[in-house]
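Coordinate analysis (summary)
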Amino acid sequence: MEKPAAACYHLPGLFEFYELYRCFLPLYREHREYFYDWCTIGSIYGAPAGCIWGGGRISCGGATAHEVLALLREYGISGRLTFSNSLLRAEHLADPQCNALCDQFAKSGSVPNGVIVHSDLLLKYLEINYPKLYFVSSTTKVLTDFNEFLQEVKKEDFRYVVPDFRLNKAFDKLNMLSEQEKNKVEFLCNECCWFGCKDRKQCYEIVSRKNLGEMIPDHKCNSPDAKEGYRFSKAMKNPGFISANDIKKIYLPMGFENFKIEGRGLGSALVLEFLLYYMVKPEYQICVREEVYLDNMLDLF
């Protein structure tokens, strides 16, 4: 992992968008003039298909652990397994696929890899069995109460804590955090979920049940414009949205460095737009877009 020059981004789709990053990362390394000098890549997160420990989204990642770990090692970037299932029981801890992934990530390279977790049961299991991994408290906990969020930040188990996006603009309280506490906060920047949503936990729980193999209906979103799906233009109007300019002009001066970009359940073309918006200077976005679109190995839609 590069030492953060300033803003440290945690990007979506390690397994899901492997081909996109296979195209994007060489540009990031070879054409630094394209990119803002105040940001860097801290990690890429995701999970392959079929992981019962998975949460947040139903993963469709098709890349292998060998492929993604080789890519991470080549560019010195941390990888994170998204194992944020909130409903795990003791019998699930022996799952061979998820244990094999943790073993591979724990042994890979000089840059530490991590796991995004929700379940306390899984956290304790991982701490005992894979002590070389670091841990991130998942946004699927929906920590909307600032005091509950603060207690999570104070836990020594976690290197980073992702609050609910509705705490993103609680500046008076955020500014009271110590430097050490600020270093652990990882803001979710581009959430499109309705700011008034009261069903966010239920939505994540349904994903957890599906990952455990339960045949249940999808969550029915009750937001006013749910039928539109995710639109970046809509996310930008969300009261919790954090823009690139906000990061540079507000959050960095306050002492916050870590910013999560969501998008594992979206298409690679939209994830590319996130990367362009948050990392690439406007005058060079067309250069990056052309290089990626012209890669014959990449299916952007």
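Now for a look at the structure at hand. (Residues numbered from 1 in each chain as written. Predicted model: local features only at pLDDT ≥ 70, side-chain atom pairs only at ≥ 80, totals over all residues. Heavy atoms only, no water.)

A short note on the overall build of the protein
- Assigned secondary structure in the protein consists of twelve helices and eight strands.
- Taken over 301 residues, the protein has a buried fraction of 56%.
- Of the roughly 13,600 Å² of accessible surface on the protein, a fraction of 52% belongs to carbon and sulfur atoms. (Helix = DSSP H or I, 4+ residues; strand = E, 2+ residues; numbered from the N terminus. Buried < 20%, exposed > 50% of the residue type's maximum accessible area, 1.4 Å probe, protein only. Areas by Shrake-Rupley, 256 points an atom, 1.4 Å probe, with all protein chains shown as cover.)

A few points about the packing of helix α11 (residues 268–279) against helix α12 (residues 285–293)
- Here α11 crosses α12 at 150 degrees, and the two axes come no closer than 10 Å. Judged by the angle between their axes, α11 and α12 are roughly antiparallel. Crossing angle aside, the handedness with which α11 passes α12 is right-handed. Residues Ala-269, Leu-272, Glu-273, Leu-276 and Tyr-277 of α11 form the contact with α12, whose own contacting residues are Gln-285, Val-288, Arg-289, Val-292 and Tyr-293.
- Among the residues making up the contact of α11 with α12, the classes are represented as seven nonpolar, one polar and two charged. (Axes fitted to C-alpha atoms, helices over the stretch in contact; angles between N-to-C directions. Parallel < 35°, antiparallel > 145°, perpendicular 65-115°, else oblique. Left-handed = near helix turned anticlockwise from the far one by under 90°. Contact = heavy atoms within 4.5 Å. Nonpolar A, V, L, I, M, F, W, Y, C, P; charged D, E, K, R; others polar.)

Some words on unusual backbone geometry
- In this structure, Val-142 takes a positive phi of about 55 degrees despite not being glycine.
- Counting through the fold element by element, Val-142 comes out in the loop between β5 (134–137) and α5 (146–154).

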